Amino acid sequence: MAPQDLKIAILGAGMGGLTSALALAERGFKHIDVYETASDLGFVGAGIQLAPNMARVLDHLGVWKGIEAEAVNIEETSVRVGAEDSELAHVDLKYIESIYGYKHMVGHRHSLANGLYQGCLKHSDKITFHFSKGVSEILSFGPRPTFTVTPRDTNKKPYNSTVDVLLGADGIKSLTRVAMLEDLNISSAVKDTHQAAYRIMIQKDQVKDDDPELIALINSNKVVRWIGEKRHIIAYPVSNNKIYNLSTTQPDGNFAAATNATYTTKGSKSAMLDVFKDFCPLVQRMLNYVPEGEVCEWKLRVHEPLPTWVSQSTALVGDACHPTLPHLAQGAAQAIEDGAVLAVVLSKLPATDAESIHKALKAYEKVRKERAYALVEMAAASGRALHLGDGAAKEERDKQFAALRQGKGPVPDKWADADVQREIYGLDCVREAEEKFEEYFASARVAKLA
Ligand SMILES: Cc1cc2nc3c(=O)[nH]c(=O)nc-3n(C[C@H](O)[C@H](O)[C@H](O)COP(=O)(O)OP(=O)(O)OC[C@H]3O[C@@H](n4cnc5c(N)ncnc54)[C@H](O)[C@@H]3O)c2cc1C
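Keep in mind that this is a model prediction, so the values were computed, not measured.

> Even after reading the chapter, I still don't get the sheet that holds strand E9 (residues 133-140), so can you show me in this structure?
Across a sheet, paired strands are connected by hydrogen bonds in the backbone, their directions being either parallel or antiparallel. On the basis of which strands lie adjacent, the open sheet formed by 3 strands has the order E9-E10-E11 and antiparallel pairing. With partners counted over all chains shown, the strands left at the sheet margins are E9 and strand E11 (159-162), one partner each. Each adjacent strand pair in this sheet contributes to an overall mean axis angle of 30°, direction not counted. In this structure, E9 lies alongside strand E10 (residues 146-151), joined through 6 bridges in antiparallel fashion. Within E10, the residue paired with Glu137 across the bridge is Thr148.

Here it is in structure tokens:
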């Protein structure tokens, strides 16, 4: 049997699941089934950064042009003191395209998900979507993984499915991850970051003409961060400058009493305004645009790094294995890199027995794990630097910001640091997987196959 004849199931139609499906279909895989608990992709209302490393993968997959057309090109970033709106640092980002081949764009999450989905629909002979069907149990991780599919329609009965390869792209609360670790007798704790986020979208036509400052931001090609002790706000325009997107980070005090089953809670507008009450009038005006009753707060969670992402013929993808704080804006980008690399390693399989599949999945892990966890750590470090309160560390950070105004030194906001960008944007994960596959496949150890 050719690798392309393998039966592959993907749990979750998020960024990692959709990219895996599309990348596999592009490499000729013919039997791809995607199971998604939700009834459709939804219109998830938030902005997302489309960094050059993400754009490169999407372009290889033929879907970047459409996504790019609805996005906004970011040419500069400004880091500001939240209370005073004074500028700590300004970084020109126009150079990004000339170095990495892609602009640094920002877009609407729906636009990204829909672009990937439309790409998948062009392969409808190869990819079958099963919306409103969640996977409720993993019965076996291999040699042929078996799982139970439970339709949301309670009139329909759960059924079992058996495949050659199972990809758990089921997000931060991944059932696949929990079941896999339990099966391997590995304990890996959920790490409480004590941080939470409000995500806000202001429609341009909501904004009164008497607020030229906000209108200018919506029309701009700029990412702005307003920072303060233990809190910050990042904001940028999306959807061809028709919407202004704000994402906040603050201590997660409001989750103390919540069960956190969904990691989100309906927030109160007055509590949100209170968190940023000492920020400047512009921030106050922006937060006030959120309609009463529509404040949603996310608890930001991560996990301890996992010793493995693979068990037998099953692999984890995206937030299921490397959830991250959002401060580097790389969570979805890394899930998308995972999907692209999985398609490379599976397409290069020299044989399709369970041992070879396991070794190919270990090669995927080898290409991806170190990089993904390095970025998780860097995002956490960047958050720590941005959220410093008064003291020596903050003074040192602000000296770095000041030096930057003279054009020297590192940027404490790692996202805007040219050396960090080189590490993140400069790597072509598909090329690396192509080049390293044979070496990694040959050195992969086979564990627990029966
Ligand atoms: C505030 C914030 C801002 C962010 N900003 C950025 C950014 O600017 N850039 C960026 O790259 N990333 C960003 N991220 C991170 C990004 O959103 C995630 O890393 C990314 O969505 C992960 O993709 P995924 O496919 O792994 O998981 P998800 O997108 O969460 O998809 C998982 C899917 O699996 C489905 N599912 C779950 N369980 C099951 C089951 N049992 N059976 C079937 N289906 C199931 C879910 O319904 C869901 O559709 C941000 C995150 C936050 C919280």
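Having seen the model, we can carry on.
> Whenever I open this one, the sheet that holds strand E8 (residues 127-131) confuses me. Can you help?
Pairing is mixed in the open sheet, where 6 strands are placed in the order E8-E2-E1-E12-E20-E19. The open sheet has two edge strands, E8 and strand E19 (310-311), and neither has a second partner. Direction of pairing for strand E1 (residues 7-11) relative to strand E12 (residues 165-168): parallel, over a ladder of 4 bridges. By the bridge assignment, Ile10 is partnered in E12 with Leu167. Sheet strands touched by helix H6 (residues 175-183): E1, E12, E19 and strand E20 (314-316). Its angle to E20, the strand with the most contacts, is close to 120°.

> Please clarify how helix H11 (residues 354-386) should be interpreted in this entry.
One turn of an α-helix holds 3.6 residues; hence residues three or four places apart share an orientation. With 33 residues, H11 extends 47 Å between its outermost C-alpha atoms, agreeing within 8% with the 48 Å of an ideal straight helix rising 1.5 Å per residue. The largest bend along H11 measures about 35° and falls at Arg368.

> What is the right way to read the site of the ligand from this model?
In the region of the ligand, 34 residues are neighbours, and Gly12, Gly14, Gly171, Gly318 and Gly331 sit closest. At the level of elements, helix H1 (15-26), strand E2 (31-36), strand E3 (47-50), E9, strand E13 (190-203), strand E18 (295-303) and helix H10 (331-347) are the ones that each hand at least two residues to the shell around the ligand. Top element by residues in the shell around the ligand is H10. It accounts for 4 residues.

> Sorry if this is basic, but what is going on with unusual backbone geometry here?
The general pattern is negative phi for most residues beyond glycine and trans for most peptide bonds. Residue Gly142 is joined to Pro143 through a cis peptide bond whose omega torsion reads -5°. For Pro143, the position within the fold is in the loop between E9 and E10. The phi dihedral of Ser132 is positive, around 60°, even though this residue is not glycine. By the secondary structure assignment, Ser132 is in the loop between E8 and E9. Here Ser132 falls in the partly exposed class, since 15 other C-beta atoms lie within 10 Å of it.

> Explanation requested: helix H9 (residues 281-288) in the structure shown.
Turning to H9, its buried residues number three or more, namely Val283, Met286 and Leu287. Viewed along the axis of H9, the buried residues span an arc of 95°, placing them on a single side of the element. For H9, exposure combined with an orientation more than 90 degrees from the buried face picks out Pro281 and Asn288.

> How should I be thinking about the UniProt feature "domain: FAD-binding" (unreviewed entry) in the chain in this particular structure?
According to UniProt, the feature "domain: FAD-binding" (unreviewed entry) maps to residues 6-204 and 315-378 in the numbering used here. Overall, residues 315-378 shows 66% helix and 3% strand. The separation of its end C-alpha atoms is 24 Å.

> Teacher, can you tell me more about the packing of H10 against helix H14 (residues 429-443) here?
Two quantities define a packed helix pair, namely the angle between the axes and the distance from one axis to the other. For the pair H10 and H14, the least separation of the axes is 9 Å and the interaxial angle reads 30°. Regarding the angle of H10 to H14, the classification is roughly parallel. At the point where H10 passes H14, the crossing takes the right-handed sense. On H14, the residues that touch Glu337, Ala340, Val341, Val344 and Val345 of H10 are Cys429, Val430, Ala433, Glu434 and Phe437.

Basis of the calculations
Residues numbered from 1 in each chain as written. Predicted model: local features only at pLDDT ≥ 70, side-chain atom pairs only at ≥ 80, totals over all residues. Pairing = 2+ DSSP bridges. Helix = DSSP H or I, 4+ residues; strand = E, 2+ residues; numbered from the N terminus. Axes fitted to C-alpha atoms, helices over the stretch in contact; angles between N-to-C directions. Contact = placed C-beta atoms within 7 Å. Expected span 1.5 Å × (residues − 1). Bend = angle between axes of the 7 residues up to and from the residue. Near = placed C-beta within 6 Å. Buried ≥ 20, exposed ≤ 12 C-beta atoms within 10 Å, placed from the backbone. Arc of directions from axis to C-beta. UniProt positions renumbered as here; feature names shortened; annotations may be inferred. Parallel < 35°, antiparallel > 145°, perpendicular 65-115°, else oblique. Left-handed = near helix turned anticlockwise from the far one by under 90°.

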